[in-house]
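If you want the building blocks of each chain, they are given just below.
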Amino acid sequence: MAASGGPGRWRPARRHSPAWPDGPRRRHARRSRWRRWASAGLAALAVLVTVGALRPTPAGGAGVPTVVMARDVAAGEPIAADDVILTARPRGQRPLAALSSPETVVGRVAGASLAANEVVTPGRLVGDDLLTGQPGDRVAVSVPVLDAASVGVRPGNHIDLYATGTGMRAASDVVVLAVRDAQDAQGLGSGAPARVTLALDPGQATEVAKALSALQAGQSLVVAVRHRAGAGSQQ
């Protein structure tokens, strides 16, 4: 074998490894491998897209702690700890006055009927004591009334009461503390009538008690709501 290099030096000739032929099988194997990698990448991307789609994106910013009713509570009933839950609501999806701590709700009284999933605001509550803010001689008295919902009786309204039997006025210009809507009958017997809880002074309480005692079976008191602008005119 011929030597390579300059005179007097002998070097063995380099041997070149034969190249592996790039045949159809090898090309097919490469294509199959790329397809597997591409499929795995697309599957991972699909998982990321799906997770991102399932994750709610709040409109209006991050969630804010919000007190929400867990069940229905009737007007005039105190709110217990298991009546409410704390959830996160985006700022754009909650009233500005929404309460953010259950401690500010538990023990207070529903001023109107509260429905499950309703966001709780101070305007829907009347305080931890129905007589909060009333003069010291006031007492809370609950009386049955006829069709309170049709005249839109709400806590804070000033009303007059009339007996259905005699038409006599039982109370004048008294404040509504809470309202309970009429309840449908279940089974035998009649349903519970609508009731309003009123702040009465001792004299008013006496007159209302007399009117109630004079009512016949099935009779109630009639509510007349006074005008909001003043206590002198009636609607």
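Preceding this section is the structure that the text describes.
Our subject in this report is the structure included herewith. Please read these numbers as outputs of a predicted model, since none were measured by experiment.

**A closer look at the overall build of the protein chain**
Thought 1: A tally of helices and strands in the protein chain yields two helices and seven strands.
Thought 2: The linear arrangement of helices and strands in the protein chain, starting from the amino end, is α-β-β-β-β-β-β-α-β.
Thought 3: When the 235 residues of the protein chain are sorted by exposure, 27% land in the buried category.
Thought 4: Of all intrachain contacts in the protein chain linking residues separated by at least 6 positions in sequence, the fraction that spans at least 24 positions is 59%.
Thought 5: With an accessible surface of roughly 15,200 Å², the protein chain has 56% of that area assigned to carbon and sulfur atoms.

**Brief notes about unusual backbone geometry**
Thought 1: Residues other than glycine seldom take positive phi values, yet N117 does so here, at roughly 75°.
Thought 2: Not every positive phi belongs to a glycine, and D173 is a case in point at roughly 55°.
Thought 3: Among the secondary structure elements, D173 is positioned in strand β5 (residues 169-180).

**Section: the environment of L177**
Thought 1: By secondary structure assignment, the location of L177 is in strand β5.
Thought 2: L177 sits in the buried class, given a relative accessible area of 5%.
Thought 3: Taking the C-alpha atoms as reference, L177 lies 5.3 Å from T197; in sequence the two are 20 residues apart.

**Notes on helix α2 (residues 202-214)**
Thought 1: With 13 residues, α2 ought to run about 18 Å at 1.5 Å a step, and its terminal C-alpha atoms sit 19 Å apart, in line with that.
Thought 2: Taken as a whole, α2 has its buried residues at Q204, V208 and A211. An end-on view of α2 places all buried positions within 60° of arc, on one side of the element. Along α2, exposed side chains directed more than 90 degrees from the buried face belong to K210, S213 and A214.
Thought 3: Here the buried face of α2 lies against β3 (139-146), β4 (158-163), β5, β6 (195-200) and β7 (221-225).

**Examining the pattern of salt bridges**
Thought 1: Per the stated rule, a full pass over the model turns up six salt bridges.
Thought 2: What you see here is one network of salt bridges that share partners, running through R71, D82 and D83.

**A few points about the sheet that holds β5**
Thought 1: Here five strands make up a closed barrel; going around it, the order is β3-β6-β5-β4-β7 and the pairing mixed. On average, each strand axis in the sheet is tilted by 55° relative to the strand beside it, whichever way the strands run.
Thought 2: Note: β3 against β6, six bridges, orientation antiparallel. Within the sheet, the bridge partner assigned to A140 lies in β6 and is A199.
Thought 3: Against the sheet, α2 engages β3, β4, β5, β6 and β7, with an angle of about 90° to β5.

**As for the pairing of β5**
Thought 1: Of the pairings in the sheet, the one linking β4 to β5 comprises four bridges and is antiparallel in character. Counted as the bridge partner of L161 is A171 from β5.

**Here's the deal with the environment of V143**
Thought 1: Examined against the element boundaries, V143 turns out to sit in strand β3.
Thought 2: Sequence separation between V143 and P193 is 50 residues; the distance between their C-alpha atoms is 9.6 Å.
Thought 3: Not counting the four nearest positions on each side in its chain, V143 is found in contact with L161, A194, R195, V196, L198, V208, L212 and L221.

Calculation criteria
Residues numbered from 1 in each chain as written. Predicted model: local features only at pLDDT ≥ 70, side-chain atom pairs only at ≥ 80, totals over all residues. Heavy atoms only, no water. Helix = DSSP H or I, 4+ residues; strand = E, 2+ residues; numbered from the N terminus. Buried < 20%, exposed > 50% of the residue type's maximum accessible area, 1.4 Å probe, protein only. Contact = heavy atoms within 4.5 Å. Areas by Shrake-Rupley, 256 points an atom, 1.4 Å probe, with all protein chains shown as cover. Expected span 1.5 Å × (residues − 1). Arc of directions from axis to C-beta. Salt bridge = Lys/Arg side-chain N within 4 Å of Asp/Glu carboxyl O. Pairing = 2+ DSSP bridges. Axes fitted to C-alpha atoms, helices over the stretch in contact; angles between N-to-C directions.

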